[in-house]
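What follows is each chain in one-letter form.
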Amino acid sequence: MQLTAPANRTADSTDSADSSRTTRAARRTGIHDTDGMAVAAFVLGLLGLLVLNVFLGPIAIALASVALWRGTARRGRALLGLGLGVADLLVLVAFMSADSTLSWSL
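All of these numbers come straight from a predicted model, not from anything done at the bench. (Residues numbered from 1 in each chain as written. Predicted model: local features only at pLDDT ≥ 70, side-chain atom pairs only at ≥ 80, totals over all residues. Heavy atoms only, no water.)

Peer 1: What is the right way to look at the side chain of Thr72 in this model?
Peer 2: Locating Thr72 in the fold gives a position in the loop between helix 2 (53–70) and helix 3 (75–99). For Thr72, the side chain forms a polar contact with the side chain of Asp35, separated by 2.7 Å. (Helix = DSSP H or I, 4+ residues; strand = E, 2+ residues; numbered from the N terminus. Polar contact = N/O pair within 3.5 Å; in protein donor to acceptor, adjacent residues only side chain to side chain.)

Peer 1: What exactly am I supposed to notice about the environment of Val54 here?
Peer 2: Among the secondary structure elements, Val54 is positioned in helix 2. Residue class for Val54 comes out partly exposed when judged on its relative accessible area of 44%. A sequence separation of 38 residues divides Val54 from Leu92, and the C-alpha atoms of the two residues are 6.9 Å apart. (Buried < 20%, exposed > 50% of the residue type's maximum accessible area, 1.4 Å probe, protein only.)

Peer 1: Even after reading the chapter, I still don't get unusual backbone geometry, so can you show me in this structure?
Peer 2: Peptide bonds are trans in most cases, and residues, glycine excluded, mostly fall at negative phi. Of note in the backbone geometry, Leu52 takes a positive phi value of approximately 50 degrees without being a glycine. Considering the arrangement of structural elements, one finds Leu52 in the loop between helix 1 (13–48) and helix 2. We classify Leu52 as exposed; its relative accessible area is 54%.

Peer 1: What exactly am I supposed to notice about the packing of aromatic side chains here?
Peer 2: Both the distance between ring centres and the angle between the ring planes are used here to describe each pair of aromatic rings. Throughout the structure, instances matching the rule amount to zero aromatic pairs. Residue placement shows Arg77 over the ring face of Phe42; its charged tip is 5.8 Å from the ring centre. (Phe/Tyr/Trp six-rings, centres within 6.5 Å; stacked < 30°, edge-to-face > 60°. Lys NZ or Arg CZ within 6 Å of the ring centre and 35° of its normal.)

Peer 1: What's the story with the confidence of the model for the protein chain in this structure? I'm lost.
Peer 2: In low-pLDDT segments, the atomic positions of the prediction should not be examined closely. Chain-level statistics for the protein chain give a pLDDT mean of 79 and a share of 66% at 70 or above. Within the protein chain, helix 1 has the poorest average pLDDT of any element, 72, and helix 2 the best, 93. (pLDDT = per-residue confidence, 0-100.)

Peer 1: Explain a nonpolar patch on the surface here, please?
Peer 2: A contiguous nonpolar patch, built from Leu47, Leu50, Val51, Leu52, Val54, Phe55 and Ile59 and spanning about 670 Å² of accessible area, is present on the exposed surface. Inspection of the secondary structure assignment puts Phe55 in helix 2. Since its relative accessible area comes to 53%, Phe55 is described here as exposed. (Patch = residues over 30% accessible without salt bridge, like charges linked within 9 Å, V, L, I, M, F, W, Y side chains within 5 Å. Areas by Shrake-Rupley, 256 points an atom, 1.4 Å probe, with all protein chains shown as cover. Salt bridge = Lys/Arg side-chain N within 4 Å of Asp/Glu carboxyl O.)

Structural data, given as structure tokens:
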């Protein structure tokens, strides 16, 4: 088992294989990151319906938008997060107009 790269490395076919493996690993990591963003957007949007919707709604919208823009495999979850983020803000506006204040409480 070798923990460091050899000092005298020549450019051969193994370098291209290593670089393509690194590229594929980075691509897989990026896909997992967007899947995580989609799930986080859904959870934060759902949680935002109950508490802190003024903060969690825009965060859910931003995460869902970035996940959709990067092409997540969990497109449905990202769309739900986007819808719930918008619903958070609509709930906030509805309660603010009902109370005639800048905030709302139960």
